[in-house]
Amino acid sequence: FFWQKVMGYYPLHFVVLSFFTPMFVQVERWFKTPWTTTAFRAFLSFSMLQAWFPKEAEIWNQPTWFLSALTFSNLTMPA
């Protein structure tokens, strides 16, 4: 049941994030952010875990914070 809900929005999230990731990485380069931090932020965004890390919650794409929180709530309260 959990995977059905997540797969309702994750494919579109993945496609859109894949499309915009080069832009996010370019901005990270302009601000001279270390590659490890950029990779960590990419991991959080693609895995929808950014809501679990308040400092990184709205770094790349602010609206996806909601998807991350929704995934967490679906995981903890499946019904």
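Structure shown above.
What counts and what doesn't
Residues numbered from 1 in each chain as written. Predicted model: local features only at pLDDT ≥ 70, side-chain atom pairs only at ≥ 80, totals over all residues. Heavy atoms only, no water. Helix = DSSP H or I, 4+ residues; strand = E, 2+ residues; numbered from the N terminus. Buried < 20%, exposed > 50% of the residue type's maximum accessible area, 1.4 Å probe, protein only. Polar contact = N/O pair within 3.5 Å; in protein donor to acceptor, adjacent residues only side chain to side chain. Contact = heavy atoms within 4.5 Å. Phe/Tyr/Trp six-rings, centres within 6.5 Å; stacked < 30°, edge-to-face > 60°. Lys NZ or Arg CZ within 6 Å of the ring centre and 35° of its normal.

A.B. asks: Can you lay out the side chain of Ser68 for me, pointing to particular residues and giving the numbers?
C.D. replies: Position of Ser68 among the secondary structure elements: in helix H4 (residues 64-76). For Ser68, a relative accessible area of 0% puts it in the buried group. Side-chain polar atoms of Ser68 contact the backbone oxygen of Met48, separated by 2.8 Å. When residues no more than four places from it in sequence are discounted, the contact partners of Ser68 are Met48, Leu49, Gln50, Ala51 and Trp52.

A.B. asks: I'd like a rundown of the packing of aromatic side chains, residues and numbers included.
C.D. replies: Inspection of every chain in the model, using the stated rule, returns seven aromatic pairs. Among the aromatic residues, those joined into a ring-pair cluster are Tyr10, Phe14 and Phe46. Over the face of the ring belonging to Trp35 we find Arg29, whose NZ or CZ atom lies 3.9 Å from the ring centre.

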